[in-house]
Amino acid sequence: MSASSSFDVIVVGAGHAGVEASLASARLGARTVMITSNLSRIGYMSCNPSIGGLAKGHMVREIDVLGGEMGLAADATCIQFKRLNSKKGPAVRGSRAQCDKDLYIDRMTKVVHATENLTVIGSEAKELILEHGRCVGIRLEDGSDIRAKSVVLTTGTFMRGVMHIGLKQIEGGRVGDKATIGISDQLRQHGFQVQRLKTGTPARLRAGSIDFSKTVEQRGDDRFYPFSSRSDKALALPQISCWLSHTNERTHDVIRANLDKSPMFTGNIEGRGPRYCPSIEDKITRFVEKISHQTFLEPEGLSTDSIYLQGISTSLPEDVQLEFLRTIDGLENVEVLKYGYAVEYDFVEPTQIRHSLETRSIPGLFLAGQINGTSGYEEAAAQGFVAGVNSVRSARGEESFILGRDEAYIGVLIDDLVTKGTKEPYRMFTSRAEHRLFLREDNTLERLWNRATELGILGQEQASRLEAILVQQTSLREQMRSSVLVPNAETQSRLESLGTAKLLKPTTIEELLRRHEVCFEDLANFGPFGGFDVSVTEPIEIDVKYAGYIDRERLLMASNRKLEDYKLRRDLDYSKVRGLSKEEQEKLGEKQPETLGQASRISGVNPSAVQALIVHLKASKEAQRGEFEPGPKRKEWRRSAVTVDHDSSRSSEIEGLGSSFV
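Note that the structure is predicted; figures quoted are calculated from it, not measured.

What counts, and at which threshold
Residues numbered from 1 in each chain as written. Predicted model: local features only at pLDDT ≥ 70, side-chain atom pairs only at ≥ 80, totals over all residues. Heavy atoms only, no water. Pairing = 2+ DSSP bridges. Helix = DSSP H or I, 4+ residues; strand = E, 2+ residues; numbered from the N terminus. Axes fitted to C-alpha atoms, helices over the stretch in contact; angles between N-to-C directions. Contact = heavy atoms within 4.5 Å. Buried < 20%, exposed > 50% of the residue type's maximum accessible area, 1.4 Å probe, protein only. Phe/Tyr/Trp six-rings, centres within 6.5 Å; stacked < 30°, edge-to-face > 60°. Lys NZ or Arg CZ within 6 Å of the ring centre and 35° of its normal. Salt bridge = Lys/Arg side-chain N within 4 Å of Asp/Glu carboxyl O. Parallel < 35°, antiparallel > 145°, perpendicular 65-115°, else oblique. Left-handed = near helix turned anticlockwise from the far one by under 90°. Nonpolar A, V, L, I, M, F, W, Y, C, P; charged D, E, K, R; others polar.

Asker: What is the right way to read the sheet that holds strand β11 (residues 150–153) from this model?
Answerer: Think of a sheet as strands paired side by side through backbone hydrogen bonds, with each pair either parallel or antiparallel. Read across the sheet, five strands follow the order β7-β3-β2-β11-β22 without closing on themselves; strand pairing throughout is parallel. Two strands bound the open sheet, and with one partner strand each, they are β7 (118–122) and β22 (365–367). Recorded for the sheet is a direction-independent mean angle of 20 degrees between the axes of neighbouring strands. Sheet topology places β11 next to β22; three bridges connect them, and they run parallel. What sits directly across from Val 152, in β22, is Phe 366. Of the strands in this sheet, β2 (9–12), β3 (32–36), β7 and β11 touch helix α1 (residues 16–27), which is tilted by about 165 degrees from β3.

Here you go:
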């Protein structure tokens, strides 16, 4: 590498966000360089050795359909698969793969090094190179410069990272890796709001020191649903069990007696921790009525003796950790391979970025992952993919790639960050998506197929395979609608064997499938409806059974779609809009929404403010200059995609605004 090298895109970081950003950029044909201070930890799982979960699994599938890598890697290295909430409605089910973390890293490392247009440099990024207000490169620790048209920062927990173990503090973003110093200070100097967050990790235990007979075995599912439509349908690796145990009053007594040694309670940590993944110290103080908390003992791989202690994140001193661990059933003689710790780090308030993940104040600079205040591999990877795509589009002067809240959980994630911001590590849940009946795991391909072909990251062979699934679905659905059952003796006998009511009149196969007692596999009794893969049949069955709810939701969303389809110019002066409160003027001016829909979701912006914007834009001369411009229409596979306000209680108030655009 020369003293001053030039690329199209620079990606700083090689975690889950950095990997997806680098691969997306390179696969789009951009000359890309990934900068990482540790070449042996590309795609490293710093915490839990798993991919997916509720809502998180949705994002992994979305990344995959668009051409990302996480789903393929998770499928290839899965050592236990579970579909969570499998007995609940399809909108809240989620796939989770526990992975062999060493094999996961090996696979991601090989993919990165084998990718055309992608160069990897082992060094530390010390400074952004800014010229005329634009980010044009990175200065490395050795003083050399790397220049590019776009830069993506995926610094994880490393910006001014500090690890806490008891009252001991160690500079670094995780054990074995030093902190990144300088970039967050530089961002502050350029007006960014940079704040602190905290996360933590539990101890890793030696499996041979655990008495598993005192725990409860937790097996994976017999049926495997790959994250990727490009993966084999069979699991590649042997499947293992996890184990369940619980804390008890003795555990809690030890922790309570040592809270004065916890940095969370002494004030040594100023950053806010994750609400939905609290430390064990938090749990016993916040939930004092609970006499125990469960913990899952999860093997970190097939060839390692390391056990991840899910649910027991802690930053207490090492001797205290060992003492309370040995009060847990099965861990009486446990040996610790690595003690738990908390890490505190800088993040950038995400309302300072656009939906493209480009920063508002420094063109050419994109942020993805924990630097935006999120928590989790999947949230990071999703942002990394979008930032990688948009960094290329920005460099080429092309329109940004932005997913709507009605199209993908990725769209929900980014919209929440940009319009609402976060004060704690943001974690995705199905409850965050107002259209979760549409944003299911099973129909990810249908939802995002046209966006994937628009991007062009998928190879021809991969794209043809995915398109074949959609063609099969369309053909099968048409066949189900045209196939009619008549109430003859043979049909009635088969229906009786299925435990469902006899026919009173001729009925289509589609109508039969609407019955609660009938599943798709049963249709093989009535025609050539057997032998299809679940990737073809599952979305059809769910669409048929939930048709009434889906149609009702579609009508509700259609009335609001215009809010998303019309753009607001970035230089709109909100102080000139009559009817806006001072607070609304300030928030709209600060967050610069790109559409009326985004404006309506900003906290503190009321439906009346949206109406005031419409009146202003239609009446003013500024509207004639294009300040209120219709956005591009989205392509569709089979049905329209629409968006309403996140707060369903407000949707009726805004519903009537659509007529203003006619």
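Asker: Is there a simple way to explain the pairing of strand β14 (residues 194–201) in this structure?
Answerer: Along a regular strand, successive side chains alternate from one face of the sheet to the other. Counting buried residues in β14 gives seven out of eight residues, a clear majority hidden from the surface. Pairing of β14 with strand β21 (residues 341–348), which is carried by eight bridges, proceeds in the antiparallel orientation. Bridge pairing links Val 194 to Val 348 in β21.

Asker: Even after reading the chapter, I still don't get the packing of aromatic side chains, so can you show me in this structure?
Answerer: Note on aromatic pairs: each is described by the distance of the centres and the angle between the planes. Counted by the stated rule, this structure contains four aromatic pairs. Ring geometry for Phe 81 versus Tyr 225: centroids 6.3 Å apart, planes at 40 degrees, classification tilted. Note that Phe 81 is positioned in strand β5 (residues 78–84) and Tyr 225 in the loop between β16 (216–218) and β17 (242–246), a separation of 144 residues in sequence. Tyr 225 carries the same exposure label as Phe 81, and that label is buried. On the numbers, 5.0 Å between centres and 45 degrees between planes, the contact of Phe 212 with Trp 243 is tilted. Taken together, the positions of Phe 212 in the loop between β15 (204–206) and β16 and Trp 243 in strand β17 put the pair 31 residues apart, joining distant regions of the chain. Assessed through its relative accessible area of 22%, Phe 212 is described here as partly exposed. The rings of Phe 81, Phe 224 and Tyr 225 are connected pair by pair, giving a single aromatic cluster. Positioned above the aromatic ring of Tyr 225, the side-chain terminus of Arg 83 is 3.7 Å from the ring centre.

Asker: What is the right way to read the pattern of salt bridges from this model?
Answerer: For the structure on display, the rule yields 53 salt bridges. In this structure, Asp 8 engages Arg 31 in a salt bridge whose closest nitrogen and oxygen atoms are separated by 3.2 Å. Highlighted residues: Asp 8 in the loop between β1 (4–6) and β2 and Arg 31 in the loop between α1 and β3, separated in sequence by 23 residues. Judged by relative accessible area, Arg 31 falls into the partly exposed class, the value being 40%. A salt bridge links Asp 415 to Arg 405; its shortest N-O distance comes to 2.8 Å. Separated by ten residues along the polypeptide, Asp 415 in helix α11 (residues 409–420) and Arg 405 in the loop between α10 (377–395) and α11 bring together distant segments of the chain. As far as burial versus exposure is concerned, Asp 415 and Arg 405 are alike and both buried.

Asker: Before we go on, may I ask you to explain the packing of helix α2 (residues 56–66) against helix α12 (residues 444–455) in this structure?
Answerer: The axes of two packed helices give the description: the angle between them and the distance between them. The interhelical angle for the contact between α2 and α12, taken along N-to-C directions, is 40 degrees, at an axis separation of 8 Å. Here α2 is positioned oblique relative to α12, judged by the angle of their axes. Considering only the axes of α2 and α12, their crossing is right-handed. Residues Arg 61, Glu 62, Val 65 and Leu 66 of α2 touch α12, and the partners they reach there are Thr 444, Leu 445, Arg 447, Leu 448, Arg 451, Ala 452 and Leu 455. In terms of residue class, the contact of α2 with α12 is built from six nonpolar, one polar and four charged.

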